[in-house]
Amino acid sequence: MDYGSQVLSMKLPSSIKSSFLATAILGSLLPYSFAVGQETQDERLPLPLDEVRMFTEALDRIRMTYVEEVDDKTLLENAIRGMLSGLDPHSAYVIENEFDALQETTTGQFGGLGIEVGQEDGYIKVISPIDDTPADRAGIQAGDLIIRIDNQPTRQILPEEAANLMRGEPGTQVTITIARENREPFDLKITREVIAITSVRSRILQPGYAYLRISQFRVNTAKELEDEIDQLYEENEQIKGIILDLRNNPGGVLQASVGVVDAFIDQGKIVYTEGRIEGNNMEFMATTNTIASNIPLVVLINNGSASASEIVAGALQDQKRAILLGETTFGKGSVQSIIPLKNRGAIRLTVSKYYLPSGKSISSVGVVPDIKVEEEGEEFSINSSTDNQLDYAIKLLSG
């Protein structure tokens, strides 16, 4: 979906793709963080024979007596999907032809609507729209439930399936039925576009006070942030404070979030991950490559800030480097690996959880702001002149 979630990297056989980083799939971004798919030496456990016999018996009964004939390939792929979907909302079966769509988003350009979606209680839930995309301009909001796509109910379908329904040729239209709190369900007819994401943008709000907006964490986001800050330095005599806006940022590449934190601190832990396999246990520390270690910093967050956004906000909060302003974040604190299967496709499997410097996991909890300020109105953008949180942030920075 236009999602989390949140990628590290992965190694794939050349028959699929030699390597790629992915944070989004198809017509809307996935609420997932993809992690390095490391090859490890499996400790083969004996198969539970009784359960395997039960599975083969069920498979045989379905093949023989289901009302319509279903080929074995479909049945077995559905079985794999069921195993993974029963684990958590972020593990899934990925068929081979989805890899190209995943790869497109790492370059920052792909076709679709520009929605980051996930699944909650069987419904397709919007994590956030991406800045200046058809979904954003149509007024889709974080927390919306997509209950129908072109009049097809989405109850109990996977986020990947919803993304497939929303994806299509630029210029074609799709009708999304939205359920929103305190409103009757309503339809939005949206024209698909090629989605070109600008990861980092900036402007001067008032003399001495800079605004940096990160809409999504892509491979080069940390470098883009450094370039924007360098440009701000060149064009302004003094930068007295920075507002870093992570609202409605669904996440992306983990290493990019580490690089962003590293731009603001020069020592200490940023984030670490823990899993059952040693190769999934990683720790990321700050370096001396910081370019803005002493400038006062306010970070804006809301319930559409997920995964990599939460790493940045939580790490800066734990290191007492920034004041967090806004609303509690989404709560996406796990890492997924893309694990290729021998014959075709792959599985996206939760392999570890990430932890903030304090040792806190934000899974299903989120990062709580230092100062809670609810958003006014339904929209905000880099060019907004009526954003109450920006006004509040400037007051904090000016002391």
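Below you will find a few notes about this structure. (Residues numbered from 1 in each chain as written. Predicted model: local features only at pLDDT ≥ 70, side-chain atom pairs only at ≥ 80, totals over all residues. Heavy atoms only, no water.)

**Section: the side chain of Ser 91**
Note on placement: Ser 91 falls in the loop between α2 (72–85) and β6 (92–94). Given the relative accessible area of 4%, Ser 91 is considered buried. A polar atom in the side chain of Ser 91 sits 3.1 Å from the backbone nitrogen of Thr 350. Residues within four places of Ser 91 in sequence aside, it is in contact with Leu 84, Ser 85, Arg 348, Leu 349 and Thr 350. (Helix = DSSP H or I, 4+ residues; strand = E, 2+ residues; numbered from the N terminus. Buried < 20%, exposed > 50% of the residue type's maximum accessible area, 1.4 Å probe, protein only. Polar contact = N/O pair within 3.5 Å; in protein donor to acceptor, adjacent residues only side chain to side chain. Contact = heavy atoms within 4.5 Å.)

**Side note on the nonpolar core**
Grouped together as the largest cluster of nonpolar side chains are 43 residues, with contacts concentrated most on Leu 225, Ile 242, Leu 244, Leu 246, Phe 264, Val 299 and Leu 316. Among the elements of the structure, β16 (209–214), α6 (221–235), β17 (241–245), α7 (254–262), β18 (269–275), β20 (297–301) and α8 (308–318) are those that each provide at least two residues to this core. Residues in contact with Val 299, not counting those within four places in the same chain, are Leu 244, Leu 246, Ala 313, Leu 316, Ala 322, Ile 323, Leu 324 and Leu 325. Residues Leu 113, Val 174, Ile 176 and Ile 190 belong to the second largest nonpolar core, which totals 18 residues. (Core = buried A, V, L, I, M, F, W, Y, C linked by side-chain atoms within 4.5 Å.)

**Regarding the pattern of salt bridges**
The full count for this structure, using the stated rule, is 15 salt bridges. In this structure, the salt-bridge partner of Asp 50 is Arg 53, at a minimum N-O distance of 3.2 Å. Linking Asp 50 with Arg 53, this pair stays in helix α1 (residues 49–65), spanning three residues, or about one helical turn. Here Asp 50 and Arg 53 have matching classes, each one exposed. Overlapping salt bridges bring together Asp 131, Arg 201, Arg 213, Asp 245 and Arg 247 as one network. (Salt bridge = Lys/Arg side-chain N within 4 Å of Asp/Glu carboxyl O.)

**Details of unusual backbone geometry**
The phi angle at Lys 320 is positive, at roughly 55°, despite the residue not being glycine. For Lys 320, the position within the fold is in the loop between α8 and β21 (323–326). A relative accessible area of 75% means that Lys 320 is categorised as exposed.

**What to know about the sheet that holds β20**
Taking strand neighbours across the sheet as the criterion, the six strands line up as β15-β16-β17-β20-β21-β24 in an open arrangement whose pairing is mixed. Taken across any chain shown, the strands that pair with only one partner, and hence form the sheet edges, are β15 (200–206) and β24 (371–372). (Pairing = 2+ DSSP bridges.)

**With respect to a nonpolar patch on the surface**
Residues Leu 47, Leu 49 and Val 52 make up a contiguous nonpolar surface patch of roughly 290 Å² in combined accessible area. Summarising the element assignment, Leu 49 is placed in helix α1. (Patch = residues over 30% accessible without salt bridge, like charges linked within 9 Å, V, L, I, M, F, W, Y side chains within 5 Å. Areas by Shrake-Rupley, 256 points an atom, 1.4 Å probe, with all protein chains shown as cover.)

**A closer look at the pairing of strand β13 (residues 186–191)**
Along β13, the buried face is formed by Phe 186, Leu 188 and Ile 190; none of Asp 187, Lys 189 and Thr 191, which line the opposite face, is buried. As paired elements, strand β12 (residues 173–179) and β13 share six bridges and run antiparallel to each other. Within β13, the residue paired with Ile 178 across the bridge is Phe 186. Between β12 and β13, which pair antiparallel in sequence order, lie six residues; one of them, Asn 182, sits at a positive phi of approximately 70°.

**A look at the side chain of Ser 257**
Note on placement: Ser 257 falls in helix α7. Judged by relative accessible area, Ser 257 falls into the buried class, the value being 0%. In terms of polar contacts, Ser 257 uses its side chain to reach the backbone carbonyl oxygen of Leu 254, at 2.6 Å. Not counting residues up to four positions away in its chain, the partners in contact with Ser 257 are Phe 217, Ala 308, Ile 311 and Val 312.

**Remarks on the packing of α1 against α2**
The contact between α1 and α2 brings their axes to 11 Å, and the two run at 135°. Put simply, α1 runs oblique to α2. Here α1 runs over α2; the crossing is right-handed. Judged by residue contacts, Phe 55, Leu 59, Ile 62 and Arg 63 of α1 engage Asp 72, Leu 75, Leu 76 and Ala 79 from α2. Of the residues assigned to the contact of α1 with α2, the class counts are six nonpolar, no polar and two charged. (Axes fitted to C-alpha atoms, helices over the stretch in contact; angles between N-to-C directions. Parallel < 35°, antiparallel > 145°, perpendicular 65-115°, else oblique. Left-handed = near helix turned anticlockwise from the far one by under 90°. Nonpolar A, V, L, I, M, F, W, Y, C, P; charged D, E, K, R; others polar.)

**Side note on the packing of α6 against α7**
Relative to each other, α6 and α7 sit at 30°, their axes nearing to 7 Å. Between α6 and α7, the angle falls in the class roughly parallel. In this structure, α6 contributes Thr 221, Ala 222 and Leu 225 to the contact, and α7 contributes Ala 256, Gly 259 and Val 260. The class makeup of the residues in the contact of α6 with α7 is four nonpolar, two polar and no charged.

**With respect to α2**
Given a rise of 1.5 Å per residue, 14 residues ought to cover 20 Å, and the 20 Å separating the end C-alpha atoms of α2 matches this to within 8%. Of all the positions in α2, only Leu 75, Glu 77 and Leu 84 are classed as buried. Against the buried residues of α2 lie α1, β6 and β23 (346–355). For α2, the N-terminal capping position is held by Asp 71, with its side-chain oxygen 3.2 Å away from the main-chain nitrogen of Lys 73. (Expected span 1.5 Å × (residues − 1).)

**Side note on the packing of aromatic side chains**
A complete count under the given rule lists one aromatic pair for this structure. One cation-aromatic arrangement involves Arg 155 over Tyr 123; the distance from NZ or CZ to the ring centre is 4.4 Å. Between the NZ or CZ atom of Arg 203 and the centre of the ring of Tyr 211, over which it lies, the distance is 5.7 Å. (Phe/Tyr/Trp six-rings, centres within 6.5 Å; stacked < 30°, edge-to-face > 60°. Lys NZ or Arg CZ within 6 Å of the ring centre and 35° of its normal.)

**A look at the environment of Ile 347**
As for its placement among the helices and strands, Ile 347 is situated in strand β23. Residues Ile 347 and Arg 81, 266 residues apart in the sequence, show an inter-C-alpha distance of 8.9 Å.

**Description of the environment of Thr 273**
Take Thr 273: it is sitting in strand β18. For Thr 273 and Phe 284, which are 11 residues apart along the polypeptide, the C-alpha to C-alpha distance reads 8.9 Å. Polar contacts involving the side chain of Thr 273 include one to the main-chain carbonyl oxygen of Asn 280, which spans 2.8 Å.

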